[in-house]
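What the coordinates show
The primary structure of each chain is shown beneath.
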Amino acid sequence: MTNEQSGGPVGVRLDSRQARVLAHPLRIRLIGALRTDGPATATTLAQALDTNTGATSYHLRQLAEVGLVTEEPDRGSGRQRWWRAAHELTSFEPSDYDDDPDARAAIEWIQGDHVRWVTEQAERWLAERATYSPQWRDASGISDGFLTIGPERLQALTQEIGNLILRYRAETPPDETDARPVHVVYATLPAAHPVSERDR
């Protein structure tokens, strides 16, 4: 998840209740759709996510109860209700939930779901890249790096990467040539311990 940035887009640091509510496949997708595409009705979201309006309505209400989505009453008409994401960014630290086993399990599920989503996106790109221009094929890619670093500097590195992404997003010119949505995915994961160190 992306860390909150002071002075930047409005973010939420998930409390235990929010984490437990968010740990659901459709709720994750609803938040993502509202953040990416903007306000929508339950019917529109159901069509976009290939589900039914009853399900989207129910799960939107669950998200609203913990402040993750909010209604836009000025846009509704009759029984039609419009919803929007209450925040642009979500953040958490896994240690926030050390005293709440249910919330910790929810966060672990959310992280696992994110890994699955990233894998799907990477496989989609590999399958579709031949349909993109040479400029897009050269600009896009998957890479990795290796360094030896302590947890304090690793946290600083993660924050700096997040700040860089937000800066590029804020500076995007409205008339940029051939601009399109791009997923920027990065991970900072300790490497596996050498076999000689595993039993220490």
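For the structure itself, consult the block above.
Residues numbered from 1 in each chain as written. Predicted model: local features only at pLDDT ≥ 70, side-chain atom pairs only at ≥ 80, totals over all residues. Heavy atoms only, no water.

Let us look at the sheet that holds strand β2 (residues 40-41). Overall, antiparallel pairing links the three strands, which are arranged β2-β4-β3 in an open sheet. Strands at the two margins of the open sheet, each flanked by one partner only, are β2 and β3 (69-71). As paired strands, β2 and strand β4 (residues 82-85) are joined by two bridges and run antiparallel to one another. Its bridge partner being in β4, threonine 41 is matched across the sheet by tryptophan 82. (Pairing = 2+ DSSP bridges. Helix = DSSP H or I, 4+ residues; strand = E, 2+ residues; numbered from the N terminus.)

Looking along a regular strand, one sees side chains alternate from face to face of the sheet. Bridge count between β3 and β4: three bridges; the pairing is antiparallel. Across the sheet, residue valine 69 finds its bridge partner in β4, namely alanine 85.

Moving on, we come to unusual backbone geometry. Backbone geometry places aspartate 50, a non-glycine residue, at a positive phi of 55°. Following the sequence through the fold, aspartate 50 ends up in the loop between α3 (42-49) and α4 (53-65). Overall, the relative accessible area of 73% leaves aspartate 50 in the exposed class. Even without being a glycine, aspartate 178 presents a positive backbone phi close to 55°. A residue is classified by how much of its surface remains accessible, and aspartate 178, at 42% relative accessible area, is partly exposed. (Buried < 20%, exposed > 50% of the residue type's maximum accessible area, 1.4 Å probe, protein only.)

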